[in-house]
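One letter stands for each residue in the lines below.
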Amino acid sequence: MKKRPERQESRSPKKAPAAPRRDKPQRVPEQRSAPPAARHKSEQPAPRAEAAEARPLIARTGDLPRERVPVILESSGAGDFHLIDSGAGLKLEQYGPYRIVRPEAQALWQPSLPAHVWEKVDAVFTGDTDEDGMGRWRFPKVALGETWPVSLLGVDLLGRFTAFRHVGVFPEQIVHWDWMKTQVERAGRPLKVLNLFGYTGVASLVAAAAGAEVTHVDASKKAIGWARENQALSRLERAPIRWICEDAMKFIQREERRGSRYDIILADPPKFGRGPNGEVFHLFEQLPSMLDICREILSPKAVGMVLTAYSIRASFYSIHELMRETMRGAGGIVESGELVIREAGTDGQTPARALSTSLFSRWVNE
């Protein structure tokens, strides 16, 4: 049920600072410069606005999992993406053949590279810089088409200029995708992966390409359509992926009743979102229940569960302790902290400052 830009459902304590804003409208906008996927407030869901029916939380017993905090998971880019520079509330990125500029509230410093580098770009997002605000793209050199090819971790996808400044991929997640890819390849058996709030399907395709059986859930029909385009582009049409357009909470509740089990669960919920039938998702209200149900649908030999959170006023310790309580008695370790992207310069090989993007908590069955 979340809507990530159009991603409809489908980075300390002190005074609970705001978690880095993931340059994405809480997964729901239906970005209009790019039809297939804007997520979070778009798609005018049906008038009904009801949350999935809650069930009591399960009283967990046993020892808390070991913990590792704080953990900073860093990406310096992958495939056709890298962060070139950042500063003055902006970020300069390379996506395949295009160099683009987008707003970035976490970039409080000044750019390192000279102005002429920032001026020689292919696309600049202008307009409302609020997470849910709409804007438009300006093309300084020549008018560009709506989509273009990008490759990440061996998966091909379509980048897209959307009206909510997103381009169809959240590169800070590369570290989680790479971890998942490694787990699937090392397992020695087909792992079952559940990707909740899956957006345009990059994580699902990475998992499937590595040999996993994947269930991808997102409340946005447009995001699902975009994901299927990416599947075809990656030549993974025969890969075992179930594409489910549904409210995430309703889906996992049904999976719990059915006794379905998964080896890896990825959950990337929005701060607020709506499902395809107007179901309402509020992160702070429903996250405990969501994780509780996810714990129940983990397989006996589960490998891990990953949670990321964007645009919230909270410390990573909040989701860290929630994850530990949820996994009480399951053993393993919970590691939590922030996801960051390291600037890599114009050549993609020159490490510089780290840009914080989101909070995360990950349980690993070590």
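All values reported here derive from a predicted model rather than from experimental measurement.

Rules behind the numbers
Residues numbered from 1 in each chain as written. Predicted model: local features only at pLDDT ≥ 70, side-chain atom pairs only at ≥ 80, totals over all residues. Heavy atoms only, no water. Pairing = 2+ DSSP bridges. Helix = DSSP H or I, 4+ residues; strand = E, 2+ residues; numbered from the N terminus. Axes fitted to C-alpha atoms, helices over the stretch in contact; angles between N-to-C directions. Parallel < 35°, antiparallel > 145°, perpendicular 65-115°, else oblique. Left-handed = near helix turned anticlockwise from the far one by under 90°. Contact = heavy atoms within 4.5 Å. Nonpolar A, V, L, I, M, F, W, Y, C, P; charged D, E, K, R; others polar. Salt bridge = Lys/Arg side-chain N within 4 Å of Asp/Glu carboxyl O. Buried < 20%, exposed > 50% of the residue type's maximum accessible area, 1.4 Å probe, protein only. Right-handed = clockwise from strand over helix to strand, strands pointing away. Polar contact = N/O pair within 3.5 Å; in protein donor to acceptor, adjacent residues only side chain to side chain. Expected span 1.5 Å × (residues − 1). Arc of directions from axis to C-beta. pLDDT = per-residue confidence, 0-100.

1. Re the sheet that holds strand β6 (residues 135-138)
Point 1. Pairing within the open sheet is mixed, and its five strands lie in the order β2-β3-β4-β5-β6. Each edge of the open sheet is held by one strand with a lone partner, namely β2 (81-87) and β6. With strand direction ignored, the average angle separating the axes of adjacent strands in the sheet is 25°.
Point 2. Alignment of strand β4 (residues 98-103) against strand β5 (residues 123-127), held across two bridges, turns out to be parallel. Bridging from a neighbouring strand, I100 pairs with A123 of β5.

2. A closer look at the packing of helix α2 (residues 174-186) against helix α3 (residues 202-210)
Point 1. At a minimum axis distance of 8 Å, the contact between α2 and α3 shows a crossing angle of 25°. The angle between the axes of α2 and α3 places the two elements in the roughly parallel class. As for the relative orientation of α2 and α3, their crossing is right-handed in sense. From α2, W177, M180, K181, V184 and E185 reach across to α3, where they touch V202, A203, V206, A207 and A210.
Point 2. Grouping the amino acids of the contact of α2 with α3 by side-chain chemistry returns eight nonpolar, no polar and two charged.

3. Quick look at the pattern of salt bridges
Where side chains of opposite charge bring their charged atoms close, a pairing between them can arise.
Point 1. Under the defined criterion, the tally for this structure stands at 26 salt bridges.
Point 2. Measuring nitrogen to oxygen at the nearest pair gives 2.8 Å for the salt bridge that ties D292 to R60. Remark: R60 occurs in the segment before β1 (66-75) and D292 occurs in helix α6 (residues 283-296); sequence separation between them is 232 residues.
Point 3. A relative accessible area of 17% places R60 in the buried class.
Point 4. Here D122 and K141 are joined by a salt bridge, their closest N and O atoms 3.6 Å apart. One end of the pair, D122, is in the loop between α1 (115-119) and β5; the other, K141, is in the loop between β6 and β7 (147-152), and 19 residues separate them in sequence.
Point 5. In the salt-bridge network here, residues are joined through shared partners; they are R55, R60, E256, D292 and E296.

4. Structural notes on the pairing of strand β9 (residues 192-196)
Each regular strand carries side chains that alternate between the two faces of the sheet.
Point 1. Within β9, four of the five residues are buried, which leaves the element mostly enclosed by the surrounding structure.
Point 2. Here β9 runs beside strand β10 (residues 213-218); their pairing, made up of five bridges, is parallel. Across the sheet, the residue bridging to L196 is V217, located in β10.
Point 3. Between β9 and its parallel partner β10, the chain crosses via α3, and the hand of that crossover is right-handed.
Point 4. Where β9 meets strand β12 (residues 264-267), four bridges bridge the pair, whose relative direction is parallel.

5. Concerning the side chain of E255
Point 1. Of note, E255 is situated in helix α5 (residues 248-258).
Point 2. Look at E255 and you get buried, because its relative accessible area is 1%.
Point 3. Aside from chain neighbours lying at most four places away, what touches E255 is R242, S260, Y262 and I297.

6. Focus on the pairing of strand β3 (residues 90-95)
Point 1. Of all six residues making up β3, five are buried, and the element is well covered by its neighbours.
Point 2. Strand direction decides the pairing type here: β2 and β3, joined by six bridges, are antiparallel. Note that in β3 the partner of D85 across the bridge is L92.
Point 3. Following β2, the chain reverses through two residues before pairing antiparallel with β3; A88 in that reversal takes a positive phi of roughly 55°.
Point 4. Sheet topology note: the β3/β4 ladder contains six bridges and is antiparallel. Considered in β4, the bridge of Q94 is made with R99.
Point 5. Counting the residues between successive antiparallel strands, the hairpin from β3 to β4 contains two residues, one of them, G96, with a positive phi of roughly 60°.

7. Quick notes on the environment of E104
Point 1. Mapped onto the elements, E104 comes out in the loop between β4 and α1.
Point 2. E104 gets classed as buried once you look at its relative accessible area, which sits at 4%.
Point 3. When the C-alpha positions of E104 and L355 are compared, they lie 9.2 Å apart, and in sequence the two are 251 residues distant.
Point 4. Polar contacts involving the side chain of E104 include one to the side chain of K91, which spans 3.4 Å.

8. Concerning α2
Point 1. Here α2 is 13 residues long and its end C-alpha atoms lie 18 Å apart, about the 18 Å a rise of 1.5 Å per residue gives.
Point 2. Residue G188 follows α2 closely and has a positive phi angle near 75°.

9. Description of helix α7 (residues 316-326)
Point 1. Every buried residue of α7 is accounted for by F316, I319, H320, M323, R324 and T326. Viewed end-on, α7 has its buried residues packed into an arc of 160°, placing them on one side of the element.
Point 2. The inward-facing, buried residues of α7 abut β1, α6, β15 (304-309), β16 (333-342) and β17 (354-364).

10. Points about the confidence of the model for the protein chain
Point 1. Per-residue confidence for the protein chain gives a mean pLDDT of 87; residues scoring 70 or more make up 84%.
Point 2. pLDDT under 50 marks residues 1-18. Its contacts with residues more than four places away, or in other chains, come to 166 contacts.
Point 3. The model gives residues 20-49 a pLDDT under 50, and that stretch makes 220 contacts with residues more than four places away or in other chains.

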